[in-house]
Amino acid sequence: MGMTARVLFTVLVCTVLAVGIGPVPPPPAGGAVKGVGMHELAGFTVGHLPEGVGGQVSDFHTEWGGVAFSSRVWERELPDGGYTVDLKLNVLRGERLGDLPSVRAFLSEYHERDAAAWDLRPFRHGAAAGHRTDGLVFWLVEPGLVVEVRLDPARFGESELTATALGVRRVEQAKRSG
């Protein structure tokens, strides 16, 4: 499924979900509020949001290539209308994600990247190994479970990407360290 098809599918799923749950509240004035988007997503919490990240927060649950995605997106309204994504958190679950080379292969296919040419650097989230590139970091939490964080590199630097990614914790970890 190409990028356009994924976007259309996501819009369709969101429309169906919104109709089923009633009206979605408007975004908070002035951008993200500290507590917005901090609640649990698929067993993980977000402990750090970059200053100025958009306040329109939406959750999605999809499947692609046999992998289940639980996603949270932070968007902001553009001055000329429309919205743009500042931050996206994906929690991926699936048998295809058994080790880091498999995760890299899956994500290169998902993001439509040439796996051999994809410039990835090592990343560690505690004991978990992963990779990073401009605006994207992912790590293998355990076989079959991956977390991916995408942050708009035009608005936020590498240090914010690192801080945001390291702020993502499993609920059990967040309770122990909080």
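Everything numeric here is computed off the predicted structure, so don't read it as measured data.

*Asks:* Explanation requested: the environment of Val67 in the structure shown.
*Replies:* Note that Val67 resides in strand 3 (residues 67–77). A relative accessible area of 0% places Val67 in the buried class. In the structure, Val67 is positioned 78 residues away from Leu145 in sequence and 9.7 Å away in space, judged by C-alpha atoms. The residues touching Val67, leaving out its near neighbours within four places in the chain, are Thr62, Leu92, Arg93, Gly94, Arg96, Leu97 and Phe106.

*Asks:* Before we go on, may I ask you to explain helix 2 (residues 100–110) in this structure?
*Replies:* In an α-helix, one turn spans 3.6 residues, which is why side chains three or four residues apart end up on the same side. Every buried residue of helix 2 is accounted for by Leu100, Val103, Phe106, Leu107, Ser108 and Tyr110. Phi turns positive one or two residues past the end of helix 2, at Glu112, with a value near 55°.

*Asks:* How should unusual backbone geometry be read in this particular structure?
*Replies:* Only a minority of non-glycine residues have a phi that is not negative, and only a minority of peptide bonds are not trans. Look at Ala42: it is not a glycine, yet its phi comes out positive at around 55°. Mapping Ala42 onto the fold places it in the loop between helix 1 (3–21) and strand 1 (44–46). Since its relative accessible area comes to 26%, Ala42 is described here as partly exposed.

*Asks:* So what exactly am I meant to see when it comes to the nonpolar core here?
*Replies:* Generally speaking, a soluble globular protein has its nonpolar side chains buried in company with each other. With 21 residues, the main nonpolar core has Leu89, Trp139 and Val149 as its most contacted residues. Breaking this core down by element, the ones donating at least two residues are strand 1, strand 4 (83–93), strand 7 (136–142), strand 8 (145–151) and helix 3 (158–166). Among residues more than four places away in sequence, those in contact with Leu89 are Leu41, Val46, Ser70, Ser71, Arg72, Trp74, Val147, Glu148, Val149 and Val168. Of all hydrophobic cores here, the second largest spans 16 residues; its members include Phe69, Leu92, Leu107 and Phe138.

*Asks:* Could you clarify how one ought to interpret the pattern of salt bridges in this entry?
*Replies:* Opposite charge on two side chains makes pairing possible when the charged atoms of those side chains draw close. Within the structure shown, the criterion is met by 7 salt bridges. Here Glu109 ties to Arg96 by a salt bridge, and the two come within 3.0 Å at their closest N and O atoms. Taken together, the residues span a long stretch of sequence, with Glu109 in helix 2 and Arg96 in the loop between strand 4 and helix 2 at a distance of 13 residues. Look at Glu109 and you get partly exposed, because its relative accessible area is 43%. What makes Arg96 partly exposed here is its relative accessible area of 36%. Arg170 is the partner of Glu142 in a salt bridge, and the nearest nitrogen-oxygen pair spans 3.0 Å. Taken as a pair, Glu142 in strand 7 and Arg170 in strand 9 (residues 168–170) lie far apart in primary sequence, 28 residues in all. Arg170 sits in the partly exposed class, given a relative accessible area of 22%.

Rules used throughout
- Residues numbered from 1 in each chain as written.
- Predicted model: local features only at pLDDT ≥ 70, side-chain atom pairs only at ≥ 80, totals over all residues.
- Heavy atoms only, no water.
- Helix = DSSP H or I, 4+ residues; strand = E, 2+ residues; numbered from the N terminus.
- Buried < 20%, exposed > 50% of the residue type's maximum accessible area, 1.4 Å probe, protein only.
- Contact = heavy atoms within 4.5 Å.
- Core = buried A, V, L, I, M, F, W, Y, C linked by side-chain atoms within 4.5 Å.
- Salt bridge = Lys/Arg side-chain N within 4 Å of Asp/Glu carboxyl O.

None of this, on its own, says anything about what the molecule does.
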